[in-house]
Amino acid sequence: MNAFDRAFRGSRGDWRLHGLSVFSVAVAFVCLAATLLVVVNVNAVRGAWARTGRASVYLDPAVTEPQVAAIDRALRATEGVTSVRFVSSEDARRELGASGDALVAALPAEAFPASLEVSLADDAAAARLARMASQLAALPAVTGVETYQAWSERLGALLDRGYAAAALLALIVLAAVVSVVSSTMRLVLARRRIEIEVLKLVGATDAYVRRPFVLEGAGQGALGALAAVALVGLLYAIVRSSLDGQLGLLLGTPLTFLPWTIAAALVALGAAIGAGAAHLSLRRLLGS
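Note that the structure is predicted; figures quoted are calculated from it, not measured.

### A short note on the packing of aromatic side chains
Inspection of every chain in the model, using the stated rule, returns one aromatic pair. Geometrically, the ring pair formed by Tyr236 and Phe257 is tilted, given 5.3 Å between the ring centres and 40° between the ring planes. With Tyr236 in helix 9 (residues 206-251) and Phe257 in the loop between helix 9 and helix 10 (260-286), this residue pair connects regions lying 21 residues apart in the sequence. Overall, Phe257 belongs to the partly exposed group, its relative accessible area being 26%.

Next comes the structure, spelled out in structure tokens:
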């Protein structure tokens, strides 16, 4: 009987114990997977805002049509500007109200300032946008200019903290999985002591005895990580179905789930940690 068959038979015999171990590993990995999901989406928002090459020029409520036309012509004549779109107060209220928010829909049109939405041709637009924003802000018909660069910088700082949090959680998950799998392996080994002694009597090596337990530890880690990814995916689907329209409008980019490479890496990490914890635990218990 090979190691996989022995591991499967042993896991089936101790399924309650293994199920509890998988649940504990999943709880640990949920925290890490959720943090990575936030980091992935913050990074996507930061990239979208950094590449946006866009500015919103908010106009004074008393602005006249000739003033708007003059600003429009000046912007269109500016190097790198690809389009200029006038958004009236009523248009702005209608666009925001399309998200289905009753509170936004109830606000009067005067609550939404008219604006000129400016798009630039390329990604290397930060310096050009900054100069344009300072020039536009000096006009009496303009109340403010939003280039979204400051938000991109703030998201960058938040993203750095997210990486640090993910690294810290990875260490916590490592400690938790090692503790859970090691404890499980000690209990399993105690319950199969007679089986192990018989194998030793007929000449089985420690490696032969240890191999199915290591596979069981790897299975616990992989299944726990897979369950965590599935649970986070379910929560993501619920949030996206109810808030994706509003968040997409607010953030400028739709929510995304973990890339398959990260999800696969989490499962592989769980399997590796589980196998390593089982190996070390059994090495101490078997004395080799």
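### As for the sheet that holds strand 1 (residues 54-59)
The pairing of strands in a sheet happens through backbone hydrogen bonds and is either parallel or antiparallel. Pairing within the open sheet is antiparallel, and its four strands lie in the order 2-3-1-4. Edge positions in the open sheet fall to strand 2 (81-87) and strand 4 (142-146), since each of these has one partner strand only. Here the average twist between neighbouring strands, direction ignored, is 15°. Relative to strand 3 (residues 115-120), strand 2 runs antiparallel, the two sharing six bridges. The residue of strand 3 that forms the bridge with Val87 is Ser115. Lying over the sheet, helix 3 (residues 65-76) contacts strand 1, strand 2, strand 3 and strand 4, oriented at roughly 160° with respect to strand 2.

### Describing the side chain of Gln220
Mapped onto the elements, Gln220 comes out in helix 9. Judged by relative accessible area, Gln220 falls into the buried class, the value being 2%. Setting aside residues up to four positions removed in sequence, Gln220 forms contacts with His18, Ser21, Val22, Val25, Val181, Thr184 and Met185.

The rules behind the values
- Residues numbered from 1 in each chain as written.
- Predicted model: local features only at pLDDT ≥ 70, side-chain atom pairs only at ≥ 80, totals over all residues.
- Heavy atoms only, no water.
- Phe/Tyr/Trp six-rings, centres within 6.5 Å; stacked < 30°, edge-to-face > 60°.
- Helix = DSSP H or I, 4+ residues; strand = E, 2+ residues; numbered from the N terminus.
- Buried < 20%, exposed > 50% of the residue type's maximum accessible area, 1.4 Å probe, protein only.
- Pairing = 2+ DSSP bridges.
- Axes fitted to C-alpha atoms, helices over the stretch in contact; angles between N-to-C directions.
- Contact = heavy atoms within 4.5 Å.

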